[in-house]
Amino acid sequence: MDLREELPSDGQAVRGVHLGAFGDHGPVVADLVDTLRDTLTADDGLSLVAEHDGQVVGHVMFTRGLLDAPRRLVDVHILSPLAVALPFQRQGIGAALVRHGLSVLAERAVPLVWLEGDPGYYARLGFEPGGGLGFRRPSLRIPDGAFQVHRLPAYEPWMTGTLVYTESFWRHDAVGLRDPDA
């Protein structure tokens, strides 16, 4: 398994991974990835793929967000989305992608990485519920346990406050859980 940065030629394969991994929600996630990809720069954001025998089988994206801290705005990153092709799930590919991304972001002096996800899965990768650490969710639709943060070496204790997603997440309605009965 090779982990590497996404190349322009990987776009369709990455889209296919998300469409397959997220089922009915796949088109929303794949469209979000396409939009977020345009926000990446050489120094800000990261899009990684896992490749097996020349085929893209996993993808993770880290994009810029902000922490509205009392002292000042702090540049942070959002881990979203993460997907692994169905035949390759439960083999450690997702965890390897996340760990590699966190390592790269630590080298770039990113202080915090956020996500919305399963605490049982992400706790083993060093993520913690953000609410008990002085952080506030950007939306009440994000369940408390799913609002998670990973503190990297550049983190300082004064960095508390409210996470602010970029406009792309709101435009694609990819924040929190919608009430299907509402």
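Before reading on, note that the structure itself is shown above.
So, how was this worked out
Residues numbered from 1 in each chain as written. Predicted model: local features only at pLDDT ≥ 70, side-chain atom pairs only at ≥ 80, totals over all residues. Heavy atoms only, no water. Helix = DSSP H or I, 4+ residues; strand = E, 2+ residues; numbered from the N terminus. Rg over C-alpha atoms; globule rule 2.2 N^0.38 Å. Contact = heavy atoms within 4.5 Å. Phe/Tyr/Trp six-rings, centres within 6.5 Å; stacked < 30°, edge-to-face > 60°. Buried < 20%, exposed > 50% of the residue type's maximum accessible area, 1.4 Å probe, protein only. Core = buried A, V, L, I, M, F, W, Y, C linked by side-chain atoms within 4.5 Å.

### Here's the deal with the overall build of the protein chain
Check the secondary structure of the protein chain and you find five helices and nine strands. The order of helices and strands in the protein chain, counted from the N terminus, is β-α-α-β-β-β-α-β-α-β-β-β-β-α. Here the C-alpha atoms of the protein chain give a radius of gyration of 16 Å, agreeing with the 16 Å that 2.2 N^0.38 yields for 182 residues. With the C-alpha coordinates aligned to their principal axes, the bounding extent of the protein chain is approximately 45 × 45 × 30 Å.

### Thoughts on the side chain of Thr-35
On the secondary structure map, Thr-35 appears in helix α2 (residues 26-37). Leave out the neighbours within four places in its chain, and Thr-35 touches Ser-168, Arg-171 and His-172.

### A word on the packing of aromatic side chains
On inspection of all chains with the given rule, the structure shows six aromatic pairs. Measuring from centroid to centroid gives 6.2 Å for Tyr-165 and Trp-170, while their planes differ by 75°, and the two rings are edge-to-face. On the accessibility criterion, Trp-170 (38% relative accessible area) is partly exposed. Members of the aromatic cluster, connected to one another through ring pairs, are Trp-114, Phe-135 and Phe-147.

### Quick look at the nonpolar core
In this structure, Leu-67, Leu-112, Trp-114 and Phe-135 are the most contacted members of the largest nonpolar core, which totals 27 residues. Contributions of two or more residues to this core are made by α1 (11-21), α2, β3 (55-68), β4 (73-84), β5 (112-116) and β8 (147-151). Examining the composition of this core, we find that four residues originate from one element, β4, more than from any other. Those residues within four positions of Phe-135 in sequence are excluded, and the remaining contacts are Leu-67, Leu-112, Trp-114, Gly-130, Phe-147, Val-149, Tyr-155, Met-159, Thr-160 and Gly-161.

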